[in-house]
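# Coordinate analysis (summary)
One letter stands for each residue in the lines below.
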Amino acid sequence: MRYREIWKTYSKVFDITTLNVLEELKEDRFISEDLSVISEGKEAIVFRSGNRAVKIYKVMGVSYKGQLKYLEADPRIRSFPRTQIGIIYTWVKKEFKNLRRMFKSLVSVPAPYVYKKNVLVMEFIGDEEPAPVLHDIIDKIEDKERVFYDIIEEYKKIYNKAGLVHGDFSDYNLLYYRNKVYVIDVSQAIPSYSPAAFTYLEKDLENILNIANRMKVKIDRLELMRILNIL
Ligand code: ATP
Ligand code: MN
């Protein structure tokens, strides 16, 4: 569908500014004229535009109160307007910066291209079809142990090289494509020196142990922390 059609379809959640942003991104060749829906979530809808994925945050009909505490937990963010639109734009900027920081640290993430207001453009992972989320295909993976340790390697890079804690590192936020794992949905990640980092890390470790469980890999918390260089 052409982006104007898309915008009309979602005019209950996208404002006129969103349409203008898409227009500008098309002018600047970050996206093409055509978009198709990959996934519709509570806060954002992810589209495909050629070899790009376009994550557009809804600006209407959604509450971003929950995001406030995540923004406040991030010492890099000094002040931001505590309005609906202020929170959303700050959120997208945070997501882009996290993605760029991970990409530069050679974490397997979609390449970040640009962000503008409530729209983030990154590399599309997949071919004709978008790559599946790990959660949906985990049982079908043959070399589970190898993939599990690949996942650990990615977290190691996030923590030790990018200096971040992901905060939502579950099998729903990992894509699996051509035997390779991709980390997505990095908006809530915060620097590992943040006061709240420990809580984030705890959650991520718990999620990684759940993945290990599903992949029938034997590992305990202490061993995991040692491999991740946390201990
Ligand atoms: P949800 O509430 O649905 O989880 P979200 O806000 O968590 O949405 P993401 O996890 O970033 O958003 O993306 C939602 C879905 O869009 C992913 O599960 C994945 O299927 C798809 N997706 C996101 N980014 C890409 C990408 N770069 N390439 C291919 N598919 C992607
Ligand atoms: Mn997600």
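Everything that follows concerns the structure shown earlier in this document.
The paragraphs below set out a description of the structure included in this document. (Residues numbered from 1 in each chain as written. Chains lettered and ligands numbered in written order. Predicted model: local features only at pLDDT ≥ 70, side-chain atom pairs only at ≥ 80, totals over all residues. Heavy atoms only, no water.)

Our focus in this paragraph is the coordination of the manganese ion (ligand 2). The manganese ion (ligand 2) binds to the protein through N173 (OD1) and D185 (OD); the donor distances cover 2.2 to 2.3 Å. With N173 in the loop between strand 6 (164–165) and strand 7 (174–177) and D185 in the loop between strand 8 (180–183) and strand 9 (190–191), the pair connects residues that are 12 residues apart, well separated along the chain. For D185, a relative accessible area of 23% gives the class partly exposed. (Donors = N, O, S within 2.8 Å, 3.2 Å for Na, K, Ca; no water. Helix = DSSP H or I, 4+ residues; strand = E, 2+ residues; numbered from the N terminus. Buried < 20%, exposed > 50% of the residue type's maximum accessible area, 1.4 Å probe, protein only.)

In the neighbourhood of ligand 1, 17 residues make up the surrounding shell, with K55, E123, I125, N173 and D185 lying closest. Contact with the protein chains hides 82% of the accessible area of ligand 1, taken as 610 Å² for the molecule alone. Mapping ligand 1 onto the cavity grids shows that it belongs to the largest pocket. Secondary-structure elements contributing two or more residues to the shell around ligand 1 are strand 1 (36–40), strand 3 (52–57) and strand 5 (119–123). (Near = heavy atom within 4 Å. Areas by Shrake-Rupley, 256 points an atom, 1.4 Å probe, with all protein chains shown as cover. 1 Å grid on protein atoms, 1.4 Å probe; cavity = no way out; pocket = protein on both sides within 12 Å on 5 of 7 lines; lining within 4 Å. Sits in = over half its atoms within 2 Å of the grid points.)

Across the 6 residues that make up strand 3, a large majority, 6, are buried. Side chains R52, V54 and I56 project from strand 3 onto one buried face, and the interleaved A53, K55 and Y57 project onto a second face that is buried too. Adjacent in sequence and paired antiparallel, strand 2 (residues 44–49) and strand 3 are bridged by 2 residues, among which G50 carries a positive phi angle near 60 degrees. Pairing between strand 3 and strand 5: 5 bridges, direction antiparallel. Looking at strand 5, one finds that R52 is bridged to E123. (Pairing = 2+ DSSP bridges.)

Within the largest apolar cluster, 59 residues are counted, with the highest numbers of intra-cluster contacts made by M102, L134, F148, I151, Y155 and M215. Ranked by residues supplied to this core, first place goes to helix 7 (residues 197–214) with 8 residues. In this structure, I151 is in contact with L134, F169, L174, V181, I211 and M215, ignoring residues within four places of it in sequence. By size, the runner-up hydrophobic cluster in this structure holds 19 residues, among which are Y10, V13, L35 and I45. (Core = buried A, V, L, I, M, F, W, Y, C linked by side-chain atoms within 4.5 Å. Contact = heavy atoms within 4.5 Å.)

Fair warning: the whole summary comes from geometry, so function is off the table for now.
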